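Analysis of the macromolecular model
If you want the building blocks of each chain, they are given just below.
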Amino acid sequence: MLLFTDLPALTSGTLLQLPPEATRVQYLLLDSRRVGQPAGSLFFAIRGAQHNGHRYLPDLYQRGVRLFVVDRVEEIPGGKLAFPEAGFLLVEDSLVALQALAAWHRRQFEIPVIGITGSNGKTIVKEWLAQLLGSDELICKSPRSYNSQVGVPLSVWELNATHTLGIFEAGISERGEMVKLAHIIQPTLGIFTNLGTAHDAGFPSAEEKVNEKMQLFAAVDTLFYCRDHDAIHRAAQQMLGPARTFIWSRQHQQGANLGVTVTEASAERTVVHVNLVRPRVEEYTFTLPFADEPSVENALHCLAVLLWYAVPTAEIQRRLDRLLPIAMRLEMKQALNDCYVLDDTYNNDLAGLTLALDALARQPRRGQRTLILSDVLESGQPAGELYARVAAQLPAHGVERVIGIGPAISEYQHLFGAFQGAFFATTEEFLANFQPEQFRHETILVKGARRFEFERIVAAFQQKIHGTVLEVNLDALVHNLNYYRARLAPGTRLMVMVKAFAYGSGSYEVANLLQFHRADYLAVAYADEGVELRQHGISLPIMVMNPSPDSFQKLRQYHLEPEIYSFERLHDYLLAAQDQPMPAIHLKLDTGMRRLGFAEEDLDELCTLLRKKAPQLRVASMLTHLAGADEEQHNDFSRQQLAAFQRMTPLVEAALGYSVLRHALNSAGIVRFPEAHLDMVRLGIGLYGVEASGKDTAALRPVSTLRTIISQVKKLPAGQTVGYGRRGAATDFERRIATIAIGYADGYDRRFGNGVGEVVIRGLRAPILGNVCMDMCMVDVTHIPDAQAGDLVVVFGEELPLVELASRIGTIAYELLTNVSERVKRIFITE
Ligand SMILES: *Cc1c(COP(=O)(O)O)cnc(C)c1O
């Protein structure tokens with residue numbers, strides 16, 4: 001048992017203030033948004049480039065958290081006396097203290113611990129090993145891919161006295177990081193998966209990168225790796241030598257502990273013949289249930305460990321057969337009756353459940369939150385205690401209804417008495433009693449262990465759709481957000497444009513993510529878009545760019561801030577403000593776009609009016625918009641616009657008698673005019689993965705993938721035609737054509753017809769044949785002989801960039817994105 005008063009000795013800190021009672025430290029908390037159980041939680045106020053944990057102390061205190069680690073006394077808001085019941089530990093650096101505490105915790109256990117690093121496959125190898133060794137060992141492993149400087153301490157903290165094996169992954173992006181992780185994980189065994197090009201930026205050379213990663217293994221008894229990565233082999237032999245390495249290889253079997261030869265590879269499986277030196281050579285054949293190269297490599301790492309562990313070979317095969325590809329992504333899916341389903345049907349242990357609950361809690365949608373939960377497969381804990389712990393977590397995560405499925409959870413259903421809900425012994429029983437009308441406007445977390453086959457429940461919740469979906473990768477979105485954030489000076493605020501259904505991506509989901517990642521402002525085109533966001537629980541300030549007078553009441557009711565761009569609008573607004581206070585406004589200044597806004601010659605009149613009416617009105621910001629921010633040829637004009645803005649804004653401020661935020665730049669402008677970020681920037685298309693200046697395209701990740709399916713494949717004999725107007729013709733030879741389930745009513749532009757557009761099927765491009773119809777179109781798949789009904793078709797996405805497609809029909813990526821019709825279902829993915 002660890003007490004708060006034990007911490008100074010473990011972290012070289014000093015106690016600034018003691019809580020009224022001796023308090024046990026049970027949970028480590030880094031993110032103020034993820035308070036599970038306030039009692040026993042120790043919050044580390046960590047400072048990073050973009051954020052400062054100290055800022056969240058009042059919020060945490062209000063929610064019942066009492067134990068805090070801080071590294072700047074002066075940054076405790078209001079000082080420690082504002083938190084009379086809190087304990088404060090002052091350390092030199094909160095992150096270092098967290099790591100020291102985790103390292104101390106690790107030292108309490110003398111069990112084997114496998115440390116895994118490498119460029120790819122860490123998480124999969126970890127999860128698979130846990131599956132493969134799960135029947136022999138009680139395993140503690142990193143949840144998901146918790147492998148960073150903060151993720152590793154949290155993972156190791158989960159170790160307890162019942163565990164017989166730890167499996168933790170370590171990921172780094174800079175020099176000096178691995179030593180710290182090694183100190184926390186203290187691995188006794190290691191796996192170096194492979195070496196790719198990821199995160200190269202932080203390392204001057206490939207050699208340096210491999211040596212840095214090797215730091216994880218400095219103290220291991222045995223390191224497993226594949227000899228076919230030369231750089232890994234060199235570094236491993238230099239550091240550990242043959243006695244402390246277990247080498248497997250396909251290309252250099254001479255001298256390897258395990259030689260692997262692939263003897264058969266089909267679409268579903270790979271058969272390998274292995275020579276194991278132990279020390280006599282033994283020979284075996286195994287079948288891996290995978291065909292793709294990354295999975296085969298990952299499975300071979302696991303096989304090496306299992307053979308080394310001397311698991312009987314027949315047993316190894318039996319376990320390999322049950323190995324499943326891992327759905328690493330938590331997917332949020334639109335479902336029936338305006339519900340959303342968070343699909344997490346892969347495994348269900350306590351750590352994974354906590355993460356999934358966090359994801360659920362982060363959804364600020366109105367409406368009920370429901371949890372559909374299978375038996376929790378947690379090794380080594382009495383079931384009563386386990387389900388009591390599960391139930392205790394739920395209120396803080398906003399769960400109101402619990403549907404339990406499985407014999408164990410059903411047995412302990414009395415522990416869930418505080419929730420509405422129902423219990424079923426099996427998934428079949430739940431499905432047999434499934435009544436869709438009982439679920440409305442809710443967010444439903446479906447969390448089940450593999451063998452409960454909860455994917456059948458998810459399928460039941462998903463409306464029948466016509467096969468076309470827009471997949472929105474929220475991780476890519478966050479990546480892009482951070483790309484732009486990194487370009488801003490610390491004080492510069494970020495407004496994100498979520499107009500037009502967030503450029504087609506789904507406004508509420510994107511807004512929600514932006515709120516979570518602490519954007520400062522959102523902007524929409526119309527009041528109704530803002531209302532919709534508010535109804536889904538978005539509380540960020542929202543600017544409405546095109547407010548009509550008949551929407552002013554809504555602006556007031558939902559606290560939406562209008563952009564005011566003309567005297568007419570300003571007079572209307574002042575009129576409305578006579579009766580009741582109205583939200584602050586944003587003044588649009590026209591410096592050359594000649595679209596909306598007050599021009600320089602309007603300023604006198606505007607200032608006079610503002611001076612007179614200032615008490616009735618609050619101006620939150622002034623903005624202007626560049627007409628050619630993305631193009632070099634307009635640079636002079638852009639600078640003139642910016643100069644005009646700089647001339648105009650002080651006059652308005654003088655009239656108002658206070659200063660207001662100023663902002664001028666869109667996505668392209670952020671990259672191209674760093675000197676003009678001013679107080680805020682307005683990020684749009686860049687967030688959605690299109691780098692509008694064209695200079696740094698590779699730095700962004702594509703966010704949206706529009707995909708559909710093949711409905712039918714047929715032959716088109718020479719001389720026949722396809723579709724309306726008989727435009728698509730098989731001229732001189734017979735073709736194979738596929739009809740795909742997307743048409744102009746889905747937003748697929750008719751201009752793509754007749755060979756202008758292409759789609760991707762089975763990795764190959766296929767041109768559109770004939771005219772695009774309303775709900776479908778036809779493509780030529782003569783060169784893709786395997787193409788068949790049901791195949792996935794990528795309409796745009798990573799394989800088929802938006803920018804290329806847009807240029808083929810003489811438009812811009814913006815239009816393709818925003819054209820995807822609302823009838824196309826959005827699926828939101830996080831990795
Ligand atoms: C849409 C919009 C933006 C964002 O433009 P992007 O080119 O998508 O970054 C910025 N400002 C205003 C006024 C806009 O209407």
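Computed from a predicted structure; not experimentally measured. (Residues numbered from 1 in each chain as written. Predicted model: local features only at pLDDT ≥ 70, side-chain atom pairs only at ≥ 80, totals over all residues. Heavy atoms only, no water.)

**Examining helix 16 (residues 474-485)**
Here helix 16 spans 16 Å end to end across 12 residues, near enough to the 16 Å set by a 1.5 Å rise per residue. Within helix 16, 9 of the 12 residues are buried, leaving the element largely enclosed by the surrounding structure. Against the buried residues of helix 16 lie strand 21 (469-473), strand 22 (493-497), helix 18 (507-516), helix 24 (667-672), strand 29 (680-683) and strand 38 (825-830). For helix 16, the N-terminal capping position is held by Asn473, with its side-chain oxygen 2.9 Å away from the main-chain nitrogen of Asp475. (Helix = DSSP H or I, 4+ residues; strand = E, 2+ residues; numbered from the N terminus. Expected span 1.5 Å × (residues − 1). Buried < 20%, exposed > 50% of the residue type's maximum accessible area, 1.4 Å probe, protein only. Contact = heavy atoms within 4.5 Å. Polar contact = N/O pair within 3.5 Å; in protein donor to acceptor, adjacent residues only side chain to side chain.)

**A closer look at the UniProt feature "binding site: substrate" (unreviewed entry) in the protein**
UniProt feature "binding site: substrate" (unreviewed entry): in the numbering of this structure it lies at Arg595 and Met774. Their sequence span is 180 residues, while the largest C-alpha to C-alpha distance among them is 33.7 Å; these annotated residues do not converge on one region. You can see Arg595 is positioned in the loop between strand 26 (585-588) and helix 22 (603-613). Residue classification places Arg595 among the exposed residues on the basis of a relative accessible area of 54%. With sequence-adjacent residues up to four places away left out, Arg595 is seen in contact with Asp590 and His625. Its place among the elements puts Met774 in the loop between strand 35 (764-769) and strand 36 (777-780). (UniProt positions renumbered as here; feature names shortened; annotations may be inferred.)

**Quick look at the UniProt feature "active site" (unreviewed entry) in the protein**
What UniProt calls "active site" (unreviewed entry) maps, in this numbering, to Lys499 and Tyr724. These annotated residues cover 226 residues of sequence, and their C-alpha atoms reach 35.2 Å apart at the extremes, leaving them scattered rather than at a single site. Here Lys499 is to be found in helix 17 (residues 499-503). Residue Lys499 is classed as partly exposed on the basis of its relative accessible area of 26%. Apart from residues lying up to four places away in sequence, Lys499 is in contact with Ala523, Val524, Ala525, Glu529 and Met545.

**Remarks on the sheet that holds strand 4 (residues 67-70)**
Each strand in a sheet pairs with another by means of backbone hydrogen bonds, the pair being arranged parallel or else antiparallel. A sheet is described by the order of its strands in space; here 5 strands give the open sequence 1-5-4-3-2, paired in mixed fashion. Each of the sheet's edge strands pairs with one partner strand only, and the pair in question is strand 1 (14-17) and strand 2 (27-29). Each strand axis lies, on average, 25° off the axis of its neighbour in the sheet, ignoring direction. Inspection of the sheet shows strand 1 paired to strand 5 (residues 87-90) by 3 bridges, in the antiparallel sense. Its bridge partner lying in strand 5, Leu15 is registered against Leu89. Most of the contacts of helix 3 (residues 94-107) go to strand 3 (residues 41-44), to which it runs at about 140°, and overall it touches strand 2, strand 3 and strand 4. (Pairing = 2+ DSSP bridges. Axes fitted to C-alpha atoms, helices over the stretch in contact; angles between N-to-C directions.)

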